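# Structural overview for review
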Amino acid sequence: MILEQVRDALRTANIIATDREFCELWLGKSECYLRSLRFNDISPSADALANCAARLAWTASGLRARDAVAHAHWADVLDDLRVRCYHEMDQQAQSKWQRKGVSA
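Summary of the structure given here. (Residues numbered from 1 in each chain as written. Predicted model: local features only at pLDDT ≥ 70, side-chain atom pairs only at ≥ 80, totals over all residues. Heavy atoms only, no water.)

## Description of the state of the cysteines
For the structure shown, the criterion picks out 0 disulfides. Cysteine Cys52 shares no disulfide, and the gap to the nearest cysteine sulfur, in Cys85, comes to 4.0 Å. Among the residues examined, Cys52 registers a relative accessible area of 0% and is labelled buried. (Disulfide = S-S within 2.5 Å. Buried < 20%, exposed > 50% of the residue type's maximum accessible area, 1.4 Å probe, protein only.)

Written out as structure tokens, the structure is:
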């Protein structure tokens, strides 16, 4: 799941420390959001993905402003994850359209 990949990257970069921090500050959701997704085997909401993508973009921009090689690397990683969050939202929307029989 993309959100777990984002969480893991943020932990590796020492940007977050806990699932609670990730869920509340990066997704705008309750501390048990990821557990609920796994338990119920459902996809993340567009709202959570959008919040995450926006926070990734903001954080990547801040890292680039620090002008260090390590920060630039993590900024690139976060930008890639941001794009993947938007891609997940697009896939979910397309899936809804296809279920309703709407074609291009």
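## Observations concerning the nonpolar core
Counting residues in hydrophobic clusters, the biggest one holds 25 residues, and the most contacted among them are Leu3, Val6, Phe22 and Leu56. For this core, the elements supplying multiple residues, two or more each, are α1 (2–12), α2 (19–26), α3 (33–40), α4 (46–65) and α5 (69–99). Take this core: its biggest share by element is 7 residues, from α4. If near-sequence neighbours (up to four positions away) are discounted, Val6 is found in contact with Phe22, Cys52, Leu56, Leu81 and Cys85. (Core = buried A, V, L, I, M, F, W, Y, C linked by side-chain atoms within 4.5 Å. Helix = DSSP H or I, 4+ residues; strand = E, 2+ residues; numbered from the N terminus. Contact = heavy atoms within 4.5 Å.)

## Some details on the packing of aromatic side chains
Scanning the entire structure with this criterion turns up 0 aromatic pairs. Of note, Arg55 hangs over the ring of Trp26, and the distance from its end group to the ring centre comes to 4.6 Å. (Phe/Tyr/Trp six-rings, centres within 6.5 Å; stacked < 30°, edge-to-face > 60°. Lys NZ or Arg CZ within 6 Å of the ring centre and 35° of its normal.)

## Structural notes on the environment of Asp80
In this fold, Asp80 is placed in helix α5. The exposure class of Asp80 is partly exposed, given its relative accessible area of 42%. Placed 13 residues apart in sequence, Asp80 and Ala93 show a C-alpha to C-alpha distance of 20 Å.

## Quick word on the pattern of salt bridges
Working definition: two side chains of opposite charge can pair if their charged atoms are close together. One pass over the structure, following the stated rule, counts 10 salt bridges. One salt bridge connects Arg20 with Glu31, and the closest N-O pair in it is separated by 3.8 Å. One end of the pair, Arg20, is in helix α2; the other, Glu31, is in the loop between α2 and α3, with 11 residues separating them in the sequence. A salt bridge links Asp76 to Arg64; its shortest N-O distance comes to 2.6 Å. A residue pair is termed long-range when its members are at least 10 positions apart, and Asp76 in helix α5 and Arg64 in helix α4 qualify at 12 residues. On the basis of relative accessibility, which here comes to 45%, the residue Asp76 falls in the partly exposed class. You can call Arg64 partly exposed: its relative accessible area is 39%. Among the charged side chains, a network of salt bridges with common partners joins Arg7, Asp8, Arg11 and Asp19. (Salt bridge = Lys/Arg side-chain N within 4 Å of Asp/Glu carboxyl O.)

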